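What the coordinates show
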Amino acid sequence: MNIIAVVPARSGSKGLPNKNIAIVNDMTLIEIAINVGLNCNLITDVYISTDSNEYTDIAERAGAKSKGLRKSYLSDDNAKSVDVVIDLLESLDESYEYLVLLQPTSPIREPGDIEKMLNKIIINHADACVSVSQLIEPHPYKLKLISEEGFLEPFMVEGSEVPRQSLPPVYALNGAIYVIKVETLLRDKTFFPPKTLPYLMNDNINIDSEEDLIFLKAMTKSDKIKIWDKN
């Protein structure tokens with residue numbers, strides 16, 4: 001099978017400028033994502049998708065391939081990852097059976113996770129598999145709204161007064177890994193087709209702010225969270 005990994009890295013972040021090249025464990029987040037992809041035995045090629053020459057240089061030095069910079073309309077705040085990936089796929093001469101999306105800002109993952117997700121799709125005849133984490137607090141049933149009159153009211157009426165231990169477990173996307181059949185992605189234009197499997201990964205941090213980055217560095221220094229490193 002030909003399997004492509006794509007590392008999307010737009011340079012225009014506002015919450016944490018240049019967050020995709022933030023340094024953790026002496027590597028940029030882009031390099032961490034690329035290293036994981038390159039060291040997964042099932043992945044054929046790793047590509048960078050970016051609007052930055054600087055990011056391209058970093059990615060190519062790390063071993064990724066590039067088809068040049070993104071089109072301008074795929075580089076603004078409204079650009080969707082699925083459109084970015086499809087545009088890249090359509091620019092390639094090579095064809096692939098599966099695609100793996102590795103977002104730099106969710107760096108807690110290993111090559112073995114990708115292999116397990118690919119095998120899970122194949123064994124279960126599914127179209128996609130997405131990494132998730134169990135959401136303990138706050139449980140969605142316990143969330144509140146503020147009414148137009150200024151009073152608190154349940155976000156979800158059913159279950160709002162039920163003890164948390166009795167509520168069903170819920171899961172949130174953690175952003176670390178998306179795996180999907182390429183033909184499904186091109187047809188449905190989504191990373192979440194109907195036959196999408198979950199892959200549970202409870203340790204992850206999504207880097208959106210300076211505080212997130214500080215927390216990640218602190219957790220890695222204390223060995224409570226490990227960032228995969230081939231060395």
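Let me begin by describing the structure that accompanies this report.

**So, the nonpolar core**
Ile30, Ile34, Ile43, Val100, Leu102, Ile114 and Ile177 are the most contacted members of the largest nonpolar core, which has 34 residues in total. Secondary-structure elements contributing two or more residues to this core are strand S1 (3-9), helix H1 (29-38), strand S4 (45-50), helix H2 (53-62), strand S6 (98-101), helix H4 (111-123), strand S10 (170-181) and strand S11 (196-200). Excluding its chain neighbours within four sequence positions, the residues that come into contact with Val100 are Ile3, Ile4, Ala5, Val6, Ile43, Ile114, Ile177, Tyr178 and Val179. Formed by 19 residues, the second largest nonpolar core is a distinct cluster that contains Val6, Val82, Tyr96 and Tyr178.

**Section: H1**
Taken across its 10 residues, H1 has eight buried, putting it largely inside the fold. All buried positions along H1 are accounted for by Leu29, Ile30, Ile32, Ala33, Ile34, Asn35, Val36 and Gly37. Among the structural elements, S1, strand S2 (23-24), strand S3 (27-28), S4, H2 and H4 are those in contact with the buried residues of H1.

**Focus on the pairing of strand S7 (residues 128-135)**
The buried fraction of S7 is high, at six of eight residues. Looking at chain direction, S7 and S10 are connected through seven bridges and run antiparallel. Across the sheet, the residue bridging to Cys129 is Val179, located in S10.

**Some points on the environment of Leu152**
For Leu152, the position within the fold is in strand S9 (residues 152-154). Sequence-distant contacts of Leu152, that is, excluding residues within four places in its chain, are made with Lys144, Leu145 and Ile146.

**Description of the sheet that holds S6**
One open sheet holds the seven strands; their spatial order is S5-S4-S1-S6-S10-S7-S11, and the pairing between them is mixed. Of all the strands in the sheet, just strand S5 (65-66) and S11 have a single pairing partner and so form its edges. Here four bridges tie S6 to S10, and the two strands are oriented antiparallel to one another. Note on S10: the bridge partner recorded for Tyr98 is Lys181. Sheet strands in contact with H1 are S1 and S4, and its direction is about 155° off that of S4. Sheet strands touched by H2: S1, S4 and S5. Its angle to S4, the strand with the most contacts, is close to 170°.

**Considerations on the environment of Ile32**
Position of Ile32 among the secondary structure elements: in helix H1. Relative accessible area serves as the criterion here: at 0%, Ile32 is assigned to the buried category. C-alpha of Ile32 to C-alpha of Arg109: the two residues are 77 residues apart in sequence and 9.6 Å apart in space. Apart from the residues within four sequence positions on either side, Ile32 is in contact with Val24, Met27, Pro107 and Ile227.

**Notes on the layout of surface pockets**
In this structure, the largest pocket occupies an estimated 440 Å³ of space. Taken together, 20 residues make up the lining of the largest pocket; nearest its centre are Pro8, Arg10, Lys19, Ser81 and Gln103. Here the residues of the lining of the largest pocket are counted per class, giving five nonpolar, seven polar and eight charged. Taken as a whole, the second largest pocket encloses approximately 150 Å³ of empty space.

**Observations concerning the pattern of salt bridges**
All told, the structure shown has seven salt bridges when counted by the stated rule. Of the charged contacts, one joins Arg10 and Asp77 as a salt bridge, the two residues approaching to 3.2 Å between their closest N and O atoms. With a gap of 67 residues between them, Arg10 in the loop between S1 and S2 and Asp77 in the loop between S5 and helix H3 (81-91) connect regions that are remote in the sequence. On the accessibility criterion, Asp77 (48% relative accessible area) is partly exposed. Here Asp127 ties to Lys181 by a salt bridge, and the two come within 3.7 Å at their closest N and O atoms. Here Asp127, found in the loop between H4 and S7, pairs with Lys181, found in strand S10; they are 54 residues apart in sequence, far enough to count as distant. Residue classification places Asp127 among the buried residues on the basis of a relative accessible area of 13%.

Conventions used here
- Residues numbered from 1 in each chain as written.
- Predicted model: local features only at pLDDT ≥ 70, side-chain atom pairs only at ≥ 80, totals over all residues.
- Heavy atoms only, no water.
- Core = buried A, V, L, I, M, F, W, Y, C linked by side-chain atoms within 4.5 Å.
- Buried < 20%, exposed > 50% of the residue type's maximum accessible area, 1.4 Å probe, protein only.
- Helix = DSSP H or I, 4+ residues; strand = E, 2+ residues; numbered from the N terminus.
- Contact = heavy atoms within 4.5 Å.
- Pairing = 2+ DSSP bridges.
- Axes fitted to C-alpha atoms, helices over the stretch in contact; angles between N-to-C directions.
- 1 Å grid on protein atoms, 1.4 Å probe; cavity = no way out; pocket = protein on both sides within 12 Å on 5 of 7 lines; lining within 4 Å.
- Points joined across faces, edges and corners; volume = space filled by probe spheres on them.
- Nonpolar A, V, L, I, M, F, W, Y, C, P; charged D, E, K, R; others polar.
- Salt bridge = Lys/Arg side-chain N within 4 Å of Asp/Glu carboxyl O.

These figures come from the coordinates and say nothing about function on their own.
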